Amino acid sequence: IKLQENLVHTQAHVDTRAKLVMQLSWDDASDDDVDLWARSSDPETFVSFIHRDSPNMFLDNDNLGAKSHTVKRADGTNTTTFGNNEHVMIKDCTNTHITVSTHYYHANNQPGVTARVELLSMDPFATIKTVEVHLDKVGQEQTAFQFDLDDACHVSNITTDPAPWVQQALPFSA
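Below or above, wherever it landed, is the structure these notes cover. Values in this document were obtained by computation on a predicted structure and should not be read as measured data.

Points about the sheet that holds strand E1 (residues 20-26)
Part 1: Read from one edge of the open sheet, 5 strands run E4-E7-E1-E9-E10, paired in antiparallel fashion. Lying at the two open borders of the sheet, with one neighbouring strand each, are strand E4 (57-59) and strand E10 (125-135). Neighbour to neighbour, the strand axes of the sheet diverge by 15° on average, direction disregarded.
Part 2: Judged from the 10 bridges that link them, strand E9 (residues 113-122) and E10 form a sheet pairing that is antiparallel. Residue pairing for E10: Ser-121 is matched across the bridge by Ala-126.

Next comes the structure, spelled out in structure tokens:
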């Protein structure tokens, strides 16, 4: 399965408010819909396709797989974008615990998708953690990683321990 190499190459490709970025990517040719979810210590403070902004984080886009790569321009013409990826950006650092999860929302072909989740620092630019997750069936959730964050944006105590929570946050059964 082809995954794009690190999609965020420099700070110039990221919203200037971002201090840290959690990046999900999966096979560019896949029509499957995989979602990135992030939650802070407060269970009510999370971001995903159903709640894109919180006081300290935001989701920049909800990628629906390859079918969402055609975009209509203002002049009415279509353009094709590439890359199955989603980004959650942390804009304000506070003392908190962050849980980053993936959710297999929809399969258009044979179920099963492998995705990569990265935690990136923007200043200085660095990859802090990279994990690969395999989701076998629609509705499956997998914790990518968890970490502690302090008010100076220092990341510590990174684990890949499972901590399911997405199913409880969904307003419907997936």
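Regarding the packing of aromatic side chains
Part 1: Tallying each qualifying case throughout the model produces 2 aromatic pairs.
Part 2: For the pair Trp-37 and Phe-46, a centre-to-centre distance of 5.8 Å together with 20° between the ring planes defines the contact as stacked.
Part 3: For the pair Phe-145 and Phe-147, a centre-to-centre distance of 6.3 Å together with 45° between the ring planes defines the contact as tilted. In this pair, the class of Phe-145 matches that of Phe-147, namely buried.

Quick notes on the side chain of Glu-118
Part 1: Tracing the sequence through the fold places Glu-118 in strand E9.
Part 2: For the buried Glu-118, which has no salt bridge, the nearest side chain bearing the opposite charge is Arg-116, at an N-O separation of 4.7 Å.
Part 3: Of the polar contacts made by the side chain of Glu-118, one reaches the side chain of Gln-23; its length is 2.6 Å.

Looking at the state of the cysteines
Part 1: Under the counting rule described, the total for this entry stands at 1 disulfide.
Part 2: Bridging Cys-93 to Cys-153, the disulfide has an S-S length of 1.7 Å. Across the S-S bond linking Cys-93 and Cys-153, the dihedral sits near 95°, which makes this disulfide right-handed. Highlighted residues: Cys-93 in the loop between strand E7 (84-90) and strand E8 (96-106) and Cys-153 in the loop between strand E11 (141-149) and strand E12 (155-159), separated in sequence by 60 residues.

Focus on the nonpolar core
Part 1: Core analysis: the biggest nonpolar cluster contains 28 residues, and Met-22, Ile-90, Val-100, Phe-145 and Phe-147 have the highest contact counts within it.
Part 2: If you list the elements that add at least two residues to this core, you get E1, strand E2 (33-39), E4, E7, E8, E9, E10 and E11.
Part 3: When sequence neighbours within four positions are dropped, the list of residues in contact with Val-100 reads Met-22, Leu-36, Trp-37, Ala-38, Val-117, Thr-143, Ala-144, Phe-145 and Phe-147.

What about unusual backbone geometry?
Part 1: Cis peptide bonds are those with omega within 30 degrees of zero, and the linkage from Asp-123 to Pro-124 qualifies with 0°.
Part 2: Mapped onto the fold, Pro-124 is located in the loop between E9 and E10.

Quick notes on the rules
- Residues numbered from 1 in each chain as written.
- Predicted model: local features only at pLDDT ≥ 70, side-chain atom pairs only at ≥ 80, totals over all residues.
- Heavy atoms only, no water.
- Pairing = 2+ DSSP bridges.
- Helix = DSSP H or I, 4+ residues; strand = E, 2+ residues; numbered from the N terminus.
- Axes fitted to C-alpha atoms, helices over the stretch in contact; angles between N-to-C directions.
- Phe/Tyr/Trp six-rings, centres within 6.5 Å; stacked < 30°, edge-to-face > 60°.
- Buried < 20%, exposed > 50% of the residue type's maximum accessible area, 1.4 Å probe, protein only.
- Lys, Arg positive; Asp, Glu negative; His and termini not counted.
- Salt bridge = Lys/Arg side-chain N within 4 Å of Asp/Glu carboxyl O.
- Polar contact = N/O pair within 3.5 Å; in protein donor to acceptor, adjacent residues only side chain to side chain.
- Disulfide = S-S within 2.5 Å.
- Core = buried A, V, L, I, M, F, W, Y, C linked by side-chain atoms within 4.5 Å.
- Contact = heavy atoms within 4.5 Å.

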